[in-house]
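Take a look at the letters that make up each chain.
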Amino acid sequence: MPADFNWAIGGEAGDGIDSTGKIFAQALSRAGRHVFTSKDFASRIRGGYTAYKVRTSTEKVRSVVDRLDVLVALTPRTIEENLDELHEGSVIIYDGERTTMADVEIPDGMIGLDVPLKSLAEDAGGAIMRNVVALGAACEATNFDIEHLDSSLKKRFGDKGQALVDNNKQAARLGQEYVQEEYSDIEFDYDLETTDNDYVLLNGDEAIGMGAIAAGCKYYAGYPITPATDVMTYLKGRIENFGGHVVQAEDELAAINLALGAARAGARSMTATSGPGIDLMTETFGLVATSETPLVIVDVMRSGPSTGMPTKQEQGDLNMMLYGGHGEIPRFVVAPTTVDECFWKTVEAFNLAEKYQTPVYLAADLAMAVTEQTFEPDAFDMDAVEIDRGKVVDEDTIGEHQTESGGFKPHELTEDGVSPRAFPGTEGGAHMSTGLEHDEQGRRTEDTEMRVKQVDKRNRKVETAREREDFSPREFGDPESDNLVVTWGSNEGTLVEALEFLEEEDIDVRILSVPYLFPRPDLTEEFEAADEVVVVECNATGQFADVVEHDTLQRVKRVNKYNGVQFKADELADDIKETLAPDEGQEVEA
Amino acid sequence: MSSQVRFTDFKSDKQPTWCPGCGDFGTMNGMMKALAETGNDPDNTFVVAGIGCSGKIGTYMHSYAIHGVHGRALPVGAGVKMANPDLEVMVAGGDGDGYSIGAGHFVHAVRRNVDMSYVVMDNRIYGLTKGQASPTSREDFETSTTPEGPQQPPVNPLALALASGATFIAQSFSSDALRHQEIVKQAIEHDGFGFVNVFSPCVTFNDVDTYDYFRDSLVDLADTDYDPTDREAAKEKVLDADKEYMGVLYQDEESRSYEQTHGLDSNMSDIDHEGAPEGAMDLVREFY
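Bear in mind the structure is a predicted one, so any value in this text is a computation, not a measurement.

(A) Structural view of the overall build of chain A. Tallying secondary structure elements over chain A gives 18 helices and 21 strands in all. Computed over the C-alpha atoms, the radius of gyration of chain A is 26 Å, within 12% of the 25 Å expected from 2.2 N^0.38 for a compact globule of 590 residues. Along the three orthogonal principal directions, the C-alpha set of chain A runs to about 90 × 65 × 40 Å. Buried residues in chain A amount to 62% of all 590 residues.

(B) The overall build of chain B, seen in detail. Along the backbone of chain B there are 11 helices and 8 strands. By its C-alpha atoms, chain B is 70 × 45 × 40 Å across when sized along the principal axes. In chain B, 72% of the contacts between residues at least 6 apart in sequence involve partners at least 24 apart. Taken as a whole, chain B presents about 11,500 Å² of accessible surface, with 46% of it coming from carbon and sulfur.

(C) View of empty space enclosed by the protein. All names here are of chain A. Inspection of the entire model under this criterion finds 6 cavities of 30 Å³ or more. When its volume is computed, the largest cavity comes out at roughly 50 Å³. In terms of lining residues, the largest cavity is bounded by R264, S291, E292, P294, Q357, P410, H411, P420, R421 and H431. In terms of residue class, the lining of the largest cavity is built from 3 nonpolar, 4 polar and 3 charged.

(D) Up close: the UniProt feature "domain: Thiamine pyrophosphate enzyme TPP-binding" (unreviewed entry) in chain B. In the numbering used here, UniProt assigns the feature "domain: Thiamine pyrophosphate enzyme TPP-binding" (unreviewed entry) to residues 51–198 of chain B. Annotated as 35% helix and 19% strand, the span residues 51–198 of chain B places its first and last C-alpha atoms 17 Å apart.

(E) Focus on the pattern of salt bridges. The full count for this structure, using the stated rule, is 53 salt bridges over all chains. A salt bridge links D209 of chain B to R138 of chain B; the shortest N-O distance between them is 2.7 Å. A residue pair is termed long-range when its members are at least 10 positions apart, and D209 of chain B in the loop between β6 (194–199) and α8 (211–217) and R138 of chain B in the loop between β4 (117–122) and α6 (157–163) qualify at 71 residues. With relative accessibility at 25%, the residue R138 of chain B sits in the partly exposed group. Bridged by salt links that share partners, the residues D4, R55, R67, D69 and E497 of chain A form one connected network.

(F) The interface of chain A and chain B, seen in detail. Each partner contributes residues to the interface: chain A has 66 residues there, and chain B has 53 residues. Note on chain A versus chain B: buried area summed over both sides is about 4,900 Å², and carbon and sulfur give 64% of it. Counting every contact that joins chain A to chain B gives 3 salt bridges. Across the salt bridge formed by E250 of chain A and R112 of chain B, the nearest N and O atoms sit 2.4 Å from each other. Our count for the chain A to chain B interface comes out at 24 residue pairs in polar contact (both at pLDDT 80 or more). Elements supplying a minimum of two residues to the side of chain A that touches chain B: β7 (200–203), α7 (204–214), β9 (245–248), α9 (252–264), α10 (275–290) and β15 (432–434) of chain A. In terms of residue count, α9 of chain A provides more of the side of chain A that touches chain B than any other element does, 8 residues in total. When grouped by side-chain class, the residues that make up the side of chain A that touches chain B number 33 nonpolar, 17 polar and 16 charged.

(G) Structural context of the packing of helix α3 (residues 117–124) of chain A against helix α4 (residues 130–141) of chain A. All names here are of chain A. Where α3 contacts α4, the axes come no closer than 8 Å and their chain directions differ by 105°. When the interaxial angle is binned, α3 and α4 end up roughly perpendicular. Along its contact with α3, which presents L117, K118, L120 and A121, the element α4 presents R130, V133 and A134. Here the contact of α3 with α4 is composed, by residue class, of 5 nonpolar, no polar and 2 charged.

(H) Up close: the packing of aromatic side chains. Residue and element names in this part refer to chain B. Per the stated rule, a full pass over the model turns up 22 aromatic pairs over all chains. Measuring from centroid to centroid gives 5.0 Å for W18 and Y60, while their planes differ by 85°, and the two rings are edge-to-face. Taken as a pair, W18 in the segment before α1 (23–37) and Y60 in helix α2 (residues 57–60) lie far apart in primary sequence, 42 residues in all. On the basis of relative accessibility, which here comes to 5%, the residue W18 falls in the buried class. Arranged with centres 5.6 Å apart and planes meeting at 45°, the rings of F173 and F214 form a pair that is tilted. Linking F173 in strand β5 (residues 168–173) with F214 in helix α8, this pair joins segments that are 41 residues apart in sequence. Accessibility expressed as a relative area gives 2% for F214, which makes it buried. Aromatic rings pair up to connect Y99, F106, Y118, F193 and F195 into one cluster.

(I) Local environment of the UniProt feature "domain: Pyruvate/ketoisovalerate oxidoreductase catalytic" (unreviewed entry) in chain A. In the numbering used here, UniProt assigns the "domain: Pyruvate/ketoisovalerate oxidoreductase catalytic" (unreviewed entry) feature to residues 13–175 of chain A. Annotated as residues 13–175 of chain A, this span is 41% helix and 21% strand, and its ends, taken at the C-alpha atoms, are 23 Å apart.

(J) Seen up close, the nonpolar core. With 94 residues, the main nonpolar core has V486 of chain A together with F195 of chain B as its most contacted residues. Here this core gets 8 residues from one element, more than from any other, and that element is α9 of chain A. Look past the residues within four positions of F195 of chain B in its chain and what remains in contact with it is Y99, F106, Y118, V120, P157, L158, A161, F168, I169 and A170 of chain B. One finds V300 and F471 of chain A together with L283 and F287 of chain B within the second-largest nonpolar core, a separate group that totals 55 residues.

Cut-offs applied
Residues numbered from 1 in each chain as written. Chains lettered and ligands numbered in written order. Predicted model: local features only at pLDDT ≥ 70, side-chain atom pairs only at ≥ 80, totals over all residues. Heavy atoms only, no water. Helix = DSSP H or I, 4+ residues; strand = E, 2+ residues; numbered from the N terminus. Rg over C-alpha atoms; globule rule 2.2 N^0.38 Å. Buried < 20%, exposed > 50% of the residue type's maximum accessible area, 1.4 Å probe, protein only. Contact = heavy atoms within 4.5 Å. Areas by Shrake-Rupley, 256 points an atom, 1.4 Å probe, with all protein chains shown as cover. 1 Å grid on protein atoms, 1.4 Å probe; cavity = no way out; pocket = protein on both sides within 12 Å on 5 of 7 lines; lining within 4 Å. Points joined across faces, edges and corners; volume = space filled by probe spheres on them. Nonpolar A, V, L, I, M, F, W, Y, C, P; charged D, E, K, R; others polar. UniProt positions renumbered as here; feature names shortened; annotations may be inferred. Salt bridge = Lys/Arg side-chain N within 4 Å of Asp/Glu carboxyl O. Buried area = accessible area lost by both parts, 1.4 Å probe. Polar contact = N/O pair within 3.5 Å; in protein donor to acceptor, adjacent residues only side chain to side chain. Axes fitted to C-alpha atoms, helices over the stretch in contact; angles between N-to-C directions. Parallel < 35°, antiparallel > 145°, perpendicular 65-115°, else oblique. Phe/Tyr/Trp six-rings, centres within 6.5 Å; stacked < 30°, edge-to-face > 60°. Core = buried A, V, L, I, M, F, W, Y, C linked by side-chain atoms within 4.5 Å.

Here it is as structure tokens:
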């Protein structure tokens with residue numbers, strides 16, 4: 001394990017938990033430390049327990065763990081909720097003057113720092129800054145250079161004037177000094193050293209938005225839904241600088257249809273939603289596929305079915321993305337595994353969509369979408385972005401794709417299954433697109449031979465993609481190990497960290513993280529070479545496990561989590577250990 | 001090219017499968033003539049159609065076109081126009097498509113005011129599914145699924161449009177070819193969402209709202225001193241339970257299209273860079 005440190009602030013929604021947590025996370029990032037944040041939030045605007053957790057290290061951190069070293073507790077419940085993660089020596093910062101915190105009891109062995117957050121904030125210019133006072137106190141308890149906090153405060157409040165920045169700096173100082181003076185007898189164990197590294201800190205939704213702009217996406221239509229809304233929020237106000245536009249549609253049905261319209265007009269176009277929205281979009285998804293329109297559809301998965309748990313993690317929409325829609329529909333399902341991959345896979349999604357003229361699902365999940373992580377800025381190297389628009393024809397080349405009477409063939413039967421594409425406005429390209437079965441010119445047909453030819457043509461694109469694209473999984477751990485652990489989506493980082501826990505127990509594993517869910521890599525050889533195959537995913541039934549069992553004709557073991565919380569590295573290591581070598585007497589014949 | 005365009009250039013080589021005598025023939029001819037007369041050609045025109053008899057129009061016309069899913073033609077049209085404001089976008093639908101399954105989109109398309117025209121072929125019945133009540137069917141109109149009539153008032157599309165903030169509301173009759181064509185032309189020329197409800201009789205299933213009925217009952221506003229820019233007058237007309245009108249019922253001369261309001265003036269299909277756009281690295285720097 002890296003020498004990491006875990007900090008959290010918790011209270012009621014509306015207490016400014018999120019922004020305070022982010023200020024601290026940014027300060028750490030600016031101090032050259034790696035950061036991984038996670039949020040525990042309820043589906044309500046005010047009230048209800050909410051927390052923002054920050055894990056930090058001078059080395060890369062990829063997941064959350066069950067440990068808290070410093071906790072800012074704005075309510076008694078904050079302590080109760082985190083009791084399991086607190087340990088001997090954990091520091092709890094609280095305001096004993098706050099009515100609800102007056103009788104709070106600090107668990108044995110832990111260090112309680114009673115700091116009058118509100119009154120100190122008032123001294124600095126306003127009670128609203130009490131969380132910043134707590135941040136100052138946290139800096140003192142962790143020997144963290146408070147100047148990095150200043151820099152984060154300036155970034156946060158700079159637009160609102162220097163006075164506000166100064167007041168906040170002062171509030172932080174008062175918190176720091178209070179701890180220095182009142183708790184001078186305590187020697188804090190923690191030491192958040194700084195480095196010269198420059199990191200960027202962002203979450204998966206932001207990375208998806210950034211990837212879209214980098215890929216030349218000009219049009220986004222969406223309808224607000226947790227946890228996908230941040231994609232729209234990010235794009236709005238930024239995409240316009242690159243000649244693009246964001247529309248907030250009246251519903252998800254309109255969103256995908258607006259996006260489809262823009263895509264037909266030739267724009268790189270995208271929509272993002274979460275499970276319930278994907279349900280609503282599914283009818284039009286079929287039209288997108290049949291009309292062979294390139295479109296990127298982001299599904300930031302949350303707990304389902306129905307409204308489920310909107311603010312909780314799950315990877316339960318895989319079957320929906322693989323099979324959703326009536327009839328048989330060729331598609332791509334691409335699943336980023338980390339925040340930086342959210343960026344790159346979005347770029348790739350646009351290229352796949354246009355090269356193969358198909359809809360592409362980008363399968364993200366809540367744990368990745370709302371999680372902020374630090375990266376070297378060149379993890380988002382814009383110079384490495386490439387745009388491939390596929391087979392677009394213009395006035396000069398359109399003649400090669402016309403019938404003798406001059407009709408354009410947008411669904412030309414080609415060897416690779418990909419037809420020419422003419423943007424509206426191209427002379428000689430006027431044509432009809434339809435969800436009805438059609439001939440090469442896009443005209444409705446019920447001709448049995450043409451039906452088969454068009455179905456085969458569309459499906460051929462999948463084979464072409466298998467030949468031309470690299471759908472390899474990402475690999476970690478011991479390549480020689482007989483224990484194969486397979487996963488997808490945001491579990492990758494947790495699994496990579498779980499390796500270290502497993503090593504401590506002398507268990508070696510080989511990890512395959514699969515970012516392409518359809519078309520996907522053939523894992524038969526890997527499965528056959530392994531003694532044990534375990535598939536890790538955040539759903540109850542093992543949707544991906546089912547799929548790979550079908551692909552490889554080999555039974556796999558499963559580790560599933562579906563309580564709404566993402567895997568934690570230490571816990572996942574235990575689960576894998578137990579699954580690989582179940583207690584005697586518990587083994588069940590497959 | 002536009003100077004030589006004739007309306008027949010908008011005809012495809014597919015023969016319509018509409019029933020002989022269907023109102024949709026006249027509706028479509030008027031649309032093609034209006035497009036040609038407003039200086040458009042098939043390569044700069046985008047027609048969006050929904051599902052049902054009306055939805056077949058994209059097949060019978062020659063232009064860039066999409067045949068959408070049921071009720072969702074309007075957002076598709078808006079997406080096309082926003083992404084390429086140089087295109088002339090025309091959306092066609094039926095009363096079921098527009099006022100039943102697509103009613104939500106109708107209200108919001110009106111509010112959004114994208115510069116496109118929306119032609120609804122209103123025959124007050126579901127034709128392609130063989131004669132069920134539609135949202136504009138009369139309260140006592142007996143059909144296979146409503147043997148005693150729908151027993152609920154019909155949707156009033158004109159009033160719905162006005163209440164939603166429409167900037168152009170018109171009604172025409174497919175059989176009055178010249179007036180219909182003229183009205184659609186005005187809808188095209190309107191800067192914003194040009195809505196035209198067209199009475200387009202179903203000769204097979206609707207024996208109430210017939211050619212004769214409309215011919216005898218429609219009041220042509222062109223024959224009166226009606227001022228379509230007067231919103232109060234428009235309110236009275238669209239809520240008039242005793243008469244049905246033909247012509248432009250309301251036009252907001254101050255209308256600014258969505259594209260104007262949002263500064264959309266470029267063709268988004270153009271990507272002039274092979275990698276990330278210039279300045280993209282600033283997006284990364286923001287996260288320091």
